[in-house]
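Examining the three-dimensional arrangement
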Amino acid sequence: MASKGAGVSFSRKSYRLTSDAEKSKVTGIVQEKLLNDYLHRIFSSRDHTPTTATNRKSLNFQNLPEHLDQLLHVDIEDEESQGQIEGRLGPSTVVLDHTGGFEGLLLVNDDLLGVIGHSNFGTIRSTTCVYKGKWVYEVLISSQGLMQIGWCTINCRFNQEEGVGDTHNSYAYDGNRVRKWNVTTTNYGKAWAAGDIVSCLIDLDDGTLSFCLNGVSLGTAFENLSRGLGMAYFPAISLSFKESVAFNFGSRPLRYPVTGYRPLQDPPRADLVRAQKLLGCFQAVLGVELDPVEGRLVEKESSQWQLQGQPTVLLTLAHIFHHFAPLLRKVYVVEAVLMSFLLGIMEVGTPAQAQSVVRQVLDLLWLFMEDYEVQDCLKQLMMSLLRLYRFSPIVPDLGLQIHYLRLTIAILRHEKSRKFLLSNVLFDVLQSVVFFYIKSPLRVEEAGLQELIPTTWWPHRSSREGRESKEVKDETAEERLRRRAYERGCQRLKKRIEVVEELQVQILKLLLNNKDENGGEASRYIFLTKFRKFLQENASGRGNMPMLCPPEYMVCFLHRLISALRYYWDEYKASNPSASFSEEAYIPPQVFYNGKVDYFDLQRLGGLLSHLRKTLKDDLASKANILIDPLELQAATMDDLDEDEEPASAAAAAAAQRPMQALAMGGALPLPRPGWLSSPTLGRANRFLSTAAVSLMTPRRPLSTSEKVKVRTLSAEQRTREDIEGSHWNEGLLLGRPPEEPEQPLTENSLLEVLDGAVIMYNLSVHQQLGKMVGVSDDVNEYAMALRDTEDKLRRCPKWRKDILAELTKSQKVFSEKLDHLSRRLAWVHATVYSQEKMLDIYWLLRVCLRTIEHGDRTGSLFAFMPEFYLSVAINSYSALKNYFGPVHSMEELPGYEETLTRLAAILAKHFADTRIVGTDIRDSLMQALASYVCYPHSLRAVERIPEEQRIAMVRSLLAPYEQRPWAQTNWILVRLWRGCGFGYRYTRLPHLLKTKPEDANLPSLQISLLRVLEMTITLVPEIFLDWARPTSEMLLQRLAQLLNQVLNRVTAERNLFDRVVSLRLPGLESVDHYPILVAVTGILVQLLVHGPASGKERATSVLLADPCFQLRSICYLLGQPEPSAPGTALPAPDRKHFSLQSYTDYISVEELAQVEQMLAHLTSASAQAAAASLPTSEEDLCPICYAHPISAVFQPCGHKSCKACINQHLMNNKDCFFCKATIESVEDWDKAANASATSSTT
């Protein structure tokens, strides 16, 4: 095996220890005296005074093994002392008792030290108990939810409701509720957070029990513990669903050892002594240099050491690692010895020198240790680094996190180690995403934020536009000074966090390196395979909590990944001028249908992938030059239909019978279904794409049938660099390029897949987490309002009410302290989650999605292959930018803001009714996004900027009837697009809501929006109702008149149910009022009776008056004229206020009021004329249905009669006669006088 890290390659076999004869030959390389001095310097005993040169034994490579054995000898008593110890019962290796010591459903890690709750309140204890002495163990808190950690006896009985601390002889600390438990509960300790370490201490000599949080004592929790015969205490924990912790009973060095207390599991003292001695020898090698010419030893700084290939040094190191290698496989030794040594290297010299030494140390590990030994060592090393980083306390300069990240970078710079860790450890064993997370401090005083941000300030409540409300008064000079001091503190914090973020980006740059192909696959392609599997686990394993990456980790991972991705993207552009900049990035549409990228079970816009490949196979052939083998597609379809019934043995037999020659590339036979497609890693839908034989024709020149190349899609684990990047005959990820796409690639294909993964990450959990973190800002706003209210009450409180003043002062102090704490925490959140740089990342992702959707749309029907999450991310990222990053950062400050809004508006307007999109969820999301988009002036103007033909198509889609139409959203969109052109509608809050609940005023109810849409329709296209040349106009006008009269009668009647609801102002019904309904109805009537053409006014008036429900007093009610009292009824109360549109002068103009008066006068006159013209009618001539109008229509063929209003209303829903149930074929006008004269003439 050869080492690649130091620039010098050594064959491992050349330096293995062999015979004494060979050793003696080697000693001739340097003088024996120099060799003796060198070996004595390296292997001198550090426990005793060094011997002088005259009396010490001569050392050479022949007697060095004997000397080394003596040096590493540990007294047998020390080794035997690691056995059973008084005061402890159970195995010497302490783990969780997963066989019988648990209650409920729990998930225990392979090392039996980590546990995740998988039931309501599961409990588990350890395998070892203590009955005497002082003992301690540590718990690493991975989630800050409901848990009770402590001690219990074997007789304690737990269930899903009662856990540790809820029974006698069990004691627990709960940092979630900040309490201690022993049957009863009291306040105790501090709140814990994810990343904290709880130390559980028990003193059975004094009978006390206490806890520490991150090494800080929380005080004695319990005293007078039960002791004596049969009383022994086990470490135990009870935790609720999804909560997780990891125990350290002593298998690793305690993070916070406590003087006088022993860990439950003793450390391997003998191994530690040997490892420390061997490490001392190794450090001596690094600090001494041989000078064969001068024949002397030269002292040298270890940071300047270079491996120069001297046989004497190599043989010396071989002796050291012969003993050291087995020890470096043990967890405790790696963390206590090797980790400390490497961290010490990082503190000496420059960063470049430290990285050079670490690289050479790793070279030596690979050179002198067996592969399995160095792999175990590296695995334990990275696990230790991850724990140290994750569970380190937050300090003002983030020094601990920076230290561990620098060592991680130094290790990953070693090529061979990096590839091994990528292939086997970082994603498979560890949650390496933790390295990209910066945890938020729950306790700001411990994080040093009080010193970093001494002055606190909190922003005013932001408006819906994401900017500071205009209603807030201008800040005073004192407030301005506080704000500026606070902003300076925030900048200091941000600069320190940026140091950590830059180190995290460096880690990802190393993992995305594609220039390290020496001796195998480049790191980037290993990363892609693991990254895709990581995405699949998080996309398809939403119910399997242990597999999921926490959302807060995903947010940080996404931002670091975007930074590294854009770095490599622009670096490729610098060397390839024809490529595009990262600012122009998008995913080419062929990636979605050529099967080169596995999208697991993620939904496509057009539905299932199998359905798309069958229905769009002709389009794939004509537009993308992809031909699907019909036999293979049919086989895949049938196989999917029978997959639940077909036994595995039959499938295996069928696979064995398939001809092997058909697997050849370009074979004449259709490509059969390969056996590897049964892998569970392939999603159900993706199997159709993976099994289909695909023939690809390059668009540069047409190929004959014989030149078509049969290829098959490989899973992520089976792909090579050529499958991704392509070659001279293969376009890799870009196979099947449609004619609309440019021939020149945007960038390296592998970066396209990384970008695609970043979009998936945002869709999985990043957006939800961004919304969740806004809660800190909301808390600040709520406490700020409470503080202002309290201060206002203090100013208004009389001086003589001392008791009230004292309580208000106390409340003011509590609110101020809470705001100080939250404002500092908010500064941390803004620096890590909502900074300007993070906002630009989300904005860049939004623009990537917009360009991807636009390019996909150009492919026509193939747009259906695009995964739904691209549209979801476009909608959600815009929402996040608008709602989550204000008021500190405004979206208007982003480059190309107006253009981006317009492009998003065009996408929403076009695709909310796109027939290529079949998923109901994504269609609803598009509709809701468009409805929200037209609610704000900036985005509404963007809708107005899209091309006219798109606007017309959008309005037609909004008006077109379709199944399951979301009326609320479509009507609201139409009303907002009208921009307040309606009667008494000024695109502002409704007056009756100004003082009660103004935040609801911007969203009118469904009924009101329907009335406004009718008003808009009558205003813009009155001929729909008034042009009776149309076959449906008269019926529509009659229905409209009926609707208006019914609404007016119900709303304007006094002392009815609606009137009582308005007057009572019941909770939840504050928005119910006369104004919004009546003003919309008034607008419709004004358009019909005032603004319409003369012929239209006449028709509308006659239809309105002909409706049986018409009452003139309902129209009079609009202007405050009370309903006349009926004879014999009591007069209305004189102090009762009547509704009148004249009271709303701020919203209804004088011209509009004049129009209402004109309408009322017109209806009064027309009503009087109609009453005068109407002749007395006998009861026989009245309509037998309504008894309100004379008979005016006769039904054919049955001859029954009614008024036109009743029969027209009836025929809308039923064709049967009222009376005889015969089918009505036609309705004719009927006039009694004319009919009587006709009858007499015939007689």
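Residues numbered from 1 in each chain as written. Predicted model: local features only at pLDDT ≥ 70, side-chain atom pairs only at ≥ 80, totals over all residues. Heavy atoms only, no water.

**Observations regarding the overall build of the protein**
From N to C terminus, the protein includes 40 helices and 25 strands. When each of the 1243 residues of the protein is scored for burial, the buried share is 52%. When the accessible area of the protein is evaluated, it comes to approximately 56500 Å², of which 52% is carbon and sulfur surface. (Helix = DSSP H or I, 4+ residues; strand = E, 2+ residues; numbered from the N terminus. Buried < 20%, exposed > 50% of the residue type's maximum accessible area, 1.4 Å probe, protein only. Areas by Shrake-Rupley, 256 points an atom, 1.4 Å probe, with all protein chains shown as cover.)

**Here's the deal with the UniProt feature "domain: RING-type" (unreviewed entry) in the protein**
If you check UniProt for "domain: RING-type" (unreviewed entry), the listed places come out as residues 1183-1221 in our numbering. A helix fraction of 21% and a strand fraction of 15% characterise residues 1183-1221, whose end C-alpha atoms lie 18 Å from each other. (UniProt positions renumbered as here; feature names shortened; annotations may be inferred.)

**Looking at the sheet that holds strand β24 (residues 1201-1202)**
If you trace the 3 strands from one edge of the open sheet to the other, you get β24-β23-β25, paired in antiparallel fashion. Among the strands making up the open sheet, the edge pair consists of β24 and β25 (1226-1229). Where strand β23 (residues 1193-1196) meets β25, 4 bridges bridge the pair, whose relative direction is antiparallel. Of the residues in β25, the one forming a bridge with Ala 1193 is Asp 1229. (Pairing = 2+ DSSP bridges.)

**Focus: the packing of aromatic side chains**
For any two aromatic rings, the description comes down to two numbers: the centre-to-centre distance and the angle of the planes. Scanning the model with the defined rule gives 37 aromatic pairs in all. On the numbers, 5.8 Å between centres and 70 degrees between planes, the contact of Phe 427 with Phe 527 is edge-to-face. Taken together, the positions of Phe 427 in the loop between α11 (415-424) and α12 (449-452) and Phe 527 in helix α14 (residues 523-540) put the pair 100 residues apart, joining distant regions of the chain. Among the aromatic residues, those joined into a cluster by ring pairs are Phe 427, Phe 436, Phe 527, Phe 531, Phe 534 and Phe 557. Here the guanidinium or amino end of Arg 532 rests over the ring plane of Tyr 599, the centre of that ring lying 5.3 Å away. Lys 573 extends its terminal NZ or CZ atom over the ring of Phe 581, reaching a point 4.8 Å from the ring centre. (Phe/Tyr/Trp six-rings, centres within 6.5 Å; stacked < 30°, edge-to-face > 60°. Lys NZ or Arg CZ within 6 Å of the ring centre and 35° of its normal.)

**Some thoughts on the nonpolar core**
Formed by 240 residues in total, the largest nonpolar core has its most connected members in Phe 324, Phe 527 and Leu 770. At 18 residues, the largest contribution of residues to this core is made by helix α22 (residues 749-796). Filtering out sequence-adjacent residues up to four positions away, Phe 324 remains in contact with Ala 275, Leu 278, Leu 279 and Val 337. (Core = buried A, V, L, I, M, F, W, Y, C linked by side-chain atoms within 4.5 Å. Contact = heavy atoms within 4.5 Å.)

**A short note on the pairing of strand β15 (residues 234-240)**
Among the 7 residues of β15, 7 are classified as buried, and the element is accordingly described as predominantly covered. Of the two faces of β15, the one lined by Phe 234, Ala 236, Ser 238 and Ser 240 and the one lined by Pro 235, Ile 237 and Leu 239 are each fully buried. As paired strands, strand β8 (residues 147-152) and β15 are joined by 6 bridges and run antiparallel to one another. If you follow Trp 151 over to β15, its bridge partner there is Pro 235.

**Let's talk about helix α28 (residues 937-945)**
Note: α-helices contain 3.6 residues per turn, so residues at a spacing of three or four share the same orientation. Of all the residues in α28, the buried ones are Ser 939, Leu 940, Ala 942 and Val 943. Considered in projection along α28, the buried side chains sweep an arc of 150 degrees and stay on one side of the axis. Tucked into the core, α28 has its buried residues touching α25 (869-883), α26 (897-911), α27 (920-933), α29 (948-959) and α30 (967-978). (Arc of directions from axis to C-beta.)

**Regarding the confidence of the model for the protein**
Averaged over all residues, the pLDDT of the protein equals 81, while 81% of them reach at least 70. Segment residues 462-472: pLDDT under 50, and 22 contacts once partners within four positions in sequence are set aside and those in other chains are kept. Note on residues 988-1003: pLDDT under 50 across the span, and 26 contacts to partners over four residues away in sequence or across chains. (pLDDT = per-residue confidence, 0-100.)

**Examining the sheet that holds β15**
The strand order β2-β5-β15-β8-β9-β10-β11 describes an open sheet built from 7 strands, whose pairing is antiparallel. Of all strands in the sheet, those with a lone pairing partner are β2 (102-103) and β11 (184-187), marking the two edges.

**Some words on the side chain of Gln 401**
As for its placement among the helices and strands, Gln 401 is situated in helix α10 (residues 399-412). Residue class for Gln 401 comes out buried when judged on its relative accessible area of 4%. A polar atom in the side chain of Gln 401 sits 3.4 Å from the backbone oxygen of Ser 392. Those residues in contact with Gln 401 that sit more than four places away from it in its chain are Tyr 389, Ser 392, Pro 393 and Ile 394. (Polar contact = N/O pair within 3.5 Å; in protein donor to acceptor, adjacent residues only side chain to side chain.)

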